[in-house]
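In case you want the letters, here they are:
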Amino acid sequence: MSTMIVQSASAHAAPEQGHAFAYKLMEMLAVPAFVLDNERRVIIWNRACERLTGVAAEEVLGTRDHWQSFYEEARPTLADLVVQDRGDELDALYPQVAKSCHVAGQLGAESWCDMPRFGQRRYLAVDAIPILGEHGKLEAVVQTLRDITDEKAAQVALEQLATLDGLTGLANRRCFDNTLGAEWSRALRQQQPLSLLMVDVDNFKAYNDANGHLGGDECLKRIAIAVSSEMRANDLVARYGGEEFAVILPNQSLKGAAIVAERIRRRVEQLKVPNGRGVNEHVTVSIGAATAIASSDTSACQLVATADAALYRAKHMGRNRISLPATEPDIIATTRSDSHSTMNAG
């Protein structure tokens, strides 16, 4: 069993007899903890901290190398921030912090740590508490750590379920709304185009009536896979509602969006899902495309409205086609499988 090693920043003398119980208590504490002196040197690294980090006490005592137990690159721990009175930098240094507190010199946060010794990331709840001596002078800082990785993983899983469509596994309407808002804000900051496709299954009600709800569900799942297969890593496909899908294309021009839309249209057509209307009739989709450069005078809702209007035009013009905003030429494909796409104004 490892034994605790205690060092002072200025000397290696044993702690005073009056402090022996406190040191022993810290050593046996079930909660992982370490203590820094007022020069940020490690003076206590308890057994629970050894087990959590895989780093033995003798490796860090008397040093300022404690950060290496949690991160790949040099960065301050919460205890360092307390010693250096840098609490106001907490949010900047821990941008992924789930919670923080600034009470009576204490700092608290939850964040991911790399844990280099084990080669894995752990989600830790951390608190740093100052120890004051006479006249309120800082003598040391205690940092405690709780490994709540399992709880965080469960939370993330629940959050993901809350944003997924139960039938297709795509993002749901809630996730679409949140993502569109975030992408609009980013497009506004970076002055980049943001494109949107609204994809609707043609004559789906008739298909559903002919094949039953189970058949309709299977059709939607196949189309969801077809649409998703044409996406880049940063694109989002969502089930917008019923038989309608929405595709968010960040930093994509209208021309690029039209190309993606045509690939989607063709891929669905190539599924050759019989629609029951004839020997050579298959399920198809109509797509409305729109692009905007975000500005303070426009909103994401206008982008959705423009794409919806384009989709309505595609339906009105005969289905199985792509429609761009009214001021742009349309890419049209007739419902016959042997026809070819052409460029046509209006």
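Residues numbered from 1 in each chain as written. Predicted model: local features only at pLDDT ≥ 70, side-chain atom pairs only at ≥ 80, totals over all residues. Heavy atoms only, no water.

> Before we go on, may I ask you to explain the overall build of the protein in this structure?
When helices and strands are tallied, the protein shows ten helices and 13 strands. Here the protein, with 346 residues, has 45% of them falling under the buried criterion. Pairs at least 24 apart in sequence give 54% of the contacts found in the protein among residues at least 6 apart. Of the roughly 18000 Å² that the protein leaves accessible, carbon and sulfur atoms contribute 52%. (Helix = DSSP H or I, 4+ residues; strand = E, 2+ residues; numbered from the N terminus. Buried < 20%, exposed > 50% of the residue type's maximum accessible area, 1.4 Å probe, protein only. Contact = heavy atoms within 4.5 Å. Areas by Shrake-Rupley, 256 points an atom, 1.4 Å probe, with all protein chains shown as cover.)

> Just to check I follow, could you spell out helix α1 (residues 20-28) for this structure?
Residue pairs spaced three or four apart in an α-helix point in one direction, given the helix's 3.6 residues per turn. Burial in α1 covers these residues: Y23, M26 and E27. Take α1 and look down its axis: the buried residues cluster within an arc of 100°, on one side only. Along α1, exposed side chains directed more than 90 degrees from the buried face belong to F21 and L25. Its buried side turned inward, α1 meets β1 (33-37), β2 (42-45), α2 (47-53) and β6 (138-147). (Arc of directions from axis to C-beta.)

> Just checking my understanding: could you explain the confidence of the model for the protein for this structure?
Any residue range with low pLDDT should be treated as having predicted coordinates unsuitable for detailed reading. Per-residue confidence for the protein gives a mean pLDDT of 85, with 85% of residues at or over 70. In this model, residues 333-346 is a region of pLDDT below 50 whose contacts with residues beyond four sequence positions or in other chains number 34 contacts. (pLDDT = per-residue confidence, 0-100.)

> Would you mind showing me how to read the pairing of β2 here?
Look at any regular strand and the pattern is simple: side chains alternate between the two faces of the sheet. Inspection of the sheet shows β1 paired to β2 by three bridges, in the antiparallel sense. Paired with L36 across the strands is V42, a residue of β2. The turn linking β1 back onto β2 is made up of four residues, and R40 within it adopts a positive phi angle of 70°. (Pairing = 2+ DSSP bridges.)

> How do you make sense of the packing of helix α7 (residues 173-190) against helix α10 (residues 300-316) when you look at a structure like this?
Close contact between α7 and α10 brings their axes to 10 Å; oriented N to C, the two are set at 115°. In this structure, α7 uses F176, L180 and W184 to contact α10, whose residues at the interface are A300, L303 and V304. Grouping the constituent residues of the contact of α7 with α10 by class yields six nonpolar, no polar and no charged. (Axes fitted to C-alpha atoms, helices over the stretch in contact; angles between N-to-C directions. Nonpolar A, V, L, I, M, F, W, Y, C, P; charged D, E, K, R; others polar.)

> How should the pairing of strand β5 (residues 122-132) be read in this particular structure?
Looking at chain direction, strand β4 (residues 106-113) and β5 are connected through seven bridges and run antiparallel. Bridge pairing in β5 places G108 opposite D127.

> What is the right way to look at the pattern of salt bridges in this model?
Opposite charge on two side chains allows them to pair when their charged atoms are near. This structure, assessed with the given rule, holds 19 salt bridges. Where E27 meets R47, a salt bridge forms, and the shortest distance between an N and an O atom there is 2.4 Å. Of this pair, E27 sits in helix α1 while R47 is found in helix α2, placing the two residues 20 residues apart along the sequence. Each of the two residues, E27 as well as R47, counts as buried. For R263, the salt bridge identified is with E230, shortest N-O distance 2.8 Å. (Salt bridge = Lys/Arg side-chain N within 4 Å of Asp/Glu carboxyl O.)

> Any chance you could explain the environment of R75 here in plain terms?
Structurally, R75 can be placed in the loop between α3 (57-60) and α4 (78-83). Between the alpha carbons of R75 and L93 there is a distance of 8.2 Å; along the sequence they are 18 residues apart. With near-sequence residues (within four places) excluded, R75 lies in contact with W67, L93 and Y94.

> I tried to follow the packing of helix α8 (residues 204-228) against helix α9 (residues 254-271) on my own but got confused; where do I start?
The geometry of a pair of packed helices is captured by two quantities: the angle between their axes and the separation between those axes. Interaxial distance between α8 and α9 falls to 9 Å at its minimum, and their mutual angle equals 140°. If you check the angle between α8 and α9, you find them oblique. Here α8 and α9 pass one another in a crossing that is right-handed. For the pair α8 and α9, contact is made by R222, I223, A226 and V227 and by I264, R267, V268 and L271, respectively. Taken together, the residues of the contact of α8 with α9 break down into six nonpolar, no polar and two charged. (Parallel < 35°, antiparallel > 145°, perpendicular 65-115°, else oblique. Left-handed = near helix turned anticlockwise from the far one by under 90°.)

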